[in-house]
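Structure at a glance
Okay, here's what each chain looks like letter by letter:
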Amino acid sequence: MNDFMQKKQYVVIAGCLLLSFIMGSIHAFSLLLEPIETKFFVSRSFSSFTYSLALTSITAAVYFGSHIYKRFSPSIIVLIVMAFSTFGTLISAFSTSIYFVWIGYGIFFGFANGLGYGYTLQYSAIAVPESKALMMGLVTASYGLGSTIAPIFYNKTNLIGGFKNTMTCLSILFFIIIFFVFFLFRFSNLKFDLEKGSPTKLKGYSPINKYLLWGIYGCSISAGLMCFGHAVGIAKSYYVSNDYIYFIPIIMGFVNMTGGILFSSLIKYFHYKNIILFLPILTTFSLLLLFLFPSKISVFIGLPLISISYGGIIAIYPSMINKLVGNTSGIKIYGFVFTAWGFFGLLMPFLAGKTFDMLNNYSFIIFITTILSIFPILIIYFKYDKLIINTNR
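The structure displayed is predicted, hence computed values, not measured ones. Residues take numbers from 1 onward in each chain, read along the sequence in its written order. Local features in a predicted model are, by the rule used here, given only for residues with pLDDT of at least 70; side-chain atom pairs are given and counted only at 80 or more, and totals for whole chains, interfaces and linings are based on all residues. The basis for every side-chain value is the complete set of non-hydrogen atoms in the structure, without hydrogens or water.

**A look at the overall build of the chain**
Here is the rule we go by: Put simply, DSSP H or I for four residues or longer makes a helix, DSSP E for two residues or longer makes a strand, and each gets a number counted from the N terminus. Burial classes: relative accessible area under 20% of the type maximum marks a residue as buried, over 50% as exposed, and values in between as partly exposed (1.4 Å probe, protein chains only). Any two residues whose heavy atoms approach within 4.5 Å are treated as being in contact. For accessible areas, the Shrake-Rupley method is used with a probe of radius 1.4 Å. Any residue's cover is judged against the shown protein chains and nothing else.
The number of helices and strands found in the chain is 14 helices and 0 strands. Per-residue burial over the chain gives 59% buried out of 393 residues. Counted over contacts in the chain with a minimum sequence separation of 6, partners at least 24 positions apart contribute 84%. As displayed, the chain offers around 15,800 Å² of accessible surface, 71% of which is attributable to carbon and sulfur atoms.

Shown next as structure tokens:
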């Protein structure tokens, strides 16, 4: 490969990382819960439904992504992401009703987020096909980095002008940064070719049971989705001081990013089964710590451990599916499996808000997510051969 082609690859990767980074801000939503409640005089379940709706919209974008990606060039995809995200946050900034926030932030920004994140995952794998897992892991990690930096930003903008100021500033940032990504993709002019560098599938593997994979994936990430949507609320219910409370989502975002990089690297040394089994075990341990020993210490230990597990899960599954069945089939199968992310993303944050309104604590939802996290452990341990049959190992 000549130097010019390598430079084009790096330009694409830079654009993918930057777009993924700015989209990752959505997972600092817990810092917006109280500003939304204050501005619109709504309950915790209503404010958290904004996040649930956004996660559902992300899922819809990823699910239909395979039909959208092949119809438009990379630069056009980026312009669509820019238009939807900027428009969505502007609607939210100047809305007078929570329902318009659901439309702007929940639907428009959520869809733009899923379209941008899903596209950068696949585009990065196409740009450097010989290092697919690493590139997809880096994109996921950059998404996590965005959720690490966003709490610092949200904390400042909330103090200055509340929810309206935060949404207005987000709109400006989205426009500037995504427009820069547009120029990077235009400069690279690298075609989005799904067949580029695509091994049909690994030898020795049979087709994936996508329905079983859906259940495993959904239950594995349910705790992470709930905790990212309610991190600040959980910390407050465990009496973490307001002076330190915004550090919780920062730490969670950082270790989420770390989990994506770490477990994407470990697939060179460990079987996929061992990794996807270990991660829900780590999640279950963390949830039990929060449930059985409610304290400030358990918050600062449990929530980050859940985050690092979540980061590993969302990084491992797309690269695992892509490697097993190739780019073209991988996008379709991952699109289906990713609907579990949307289902649990809609259910868990909303259920957490609803139970908090009823009980004024998060103990019940932590108990429910603990049960859900045990299911993938049992399925992977006892039924892994029904998921992916490996005839070589």
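Still more ground to cover, so stick around.
**Concerning the packing of aromatic side chains**
Applicable threshold: In this analysis, rings of Phe, Tyr and Trp, with Trp reduced to its six-membered ring, are considered paired at centre separations within 6.5 Å, and the interplanar angle assigns stacked below 30 degrees, edge-to-face beyond 60, and tilted for intermediate values. Two conditions define a charge sitting above a ring: the NZ of Lys or the CZ of Arg must be within 6 Å of the ring centre, and it must be within 35 degrees of the ring normal.
Across all of its chains, the model carries 34 aromatic pairs by this definition. Taken together, a centroid distance of 5.9 Å and an interplanar angle of 40° make the contact between Phe-84 and Phe-111 tilted. In this pair, Phe-84 is assigned in helix 5 (residues 74-93) and Phe-111 in helix 6 (residues 98-127), connecting sequence segments 27 residues apart. Geometrically, the ring pair formed by Phe-291 and Phe-367 is tilted, given 5.6 Å between the ring centres and 35° between the ring planes. Taken together, the residues span a long stretch of sequence, with Phe-291 in helix 10 (residues 272-292) and Phe-367 in helix 14 (residues 363-387) at a distance of 76 residues. Owing to a relative accessible area of 35%, Phe-291 belongs among the partly exposed residues under this scheme. Judged by relative accessible area, which is 38%, Phe-367 ranks as partly exposed. An aromatic cluster of three or more residues is present, and its members are Phe-29, Tyr-51, Tyr-105, Phe-109 and Phe-174. When the ring centre of Phe-356 is taken as reference, the NZ or CZ atom of Arg-44 above it lies at 4.7 Å.

**A closer look at the pattern of salt bridges**
Where charged atoms from two side chains of opposite charge approach closely, those side chains can pair. What counts here: By definition, a salt bridge exists where a carboxyl oxygen of Asp or Glu is found within 4 Å of a side-chain nitrogen of Lys or Arg.
For the structure shown, the criterion picks out 2 salt bridges. Here Glu-34 and Lys-236 are joined by a salt bridge, their closest N and O atoms 2.7 Å apart. Here the residue Glu-34 occupies a position in helix 2 (residues 33-40), and Lys-236 occupies one in helix 8 (residues 210-237), the gap between them amounting to 202 residues. Here Lys-236 falls in the partly exposed class, since its relative accessible area comes to 28%. Where Arg-44 meets Glu-37, a salt bridge forms, and the shortest distance between an N and an O atom there is 2.5 Å. A residue is classified by how much of its surface remains accessible, and Glu-37, at 15% relative accessible area, is buried.

**Thoughts on the environment of Ile-178**
Among the structural elements, Ile-178 can be located in helix 7 (residues 132-188). Given the relative accessible area of 0%, Ile-178 is considered buried. The spacing of Ile-178 and Gly-15 is 163 residues in sequence and 8.8 Å in space, taken between C-alpha atoms. Once you skip the residues sitting within four places of it in the chain, Ile-178 turns out to touch Leu-19, Ile-22, Met-23, Val-78, Val-81, Met-82, Ser-85 and Leu-173.

**Here we look at the nonpolar core**
In a soluble, globular protein the nonpolar side chains are often hidden away together inside. Rule in force here: Here, nonpolar core means buried Ala, Val, Leu, Ile, Met, Phe, Trp, Tyr and Cys residues that are tied together by side-chain atoms lying within 4.5 Å of each other.
Grouped together as the largest cluster of nonpolar side chains are 115 residues, with contacts concentrated most on Met-23, Tyr-105, Ile-178, Tyr-217, Ile-221, Tyr-317 and Trp-341. Among the elements that make up this core, the one with the highest residue count is helix 7 (16 residues). Leaving out residues up to four positions away in the same chain, Tyr-217 has contacts with Ile-313, Ile-314, Tyr-317, Tyr-334, Val-337, Phe-338, Ala-340 and Trp-341.

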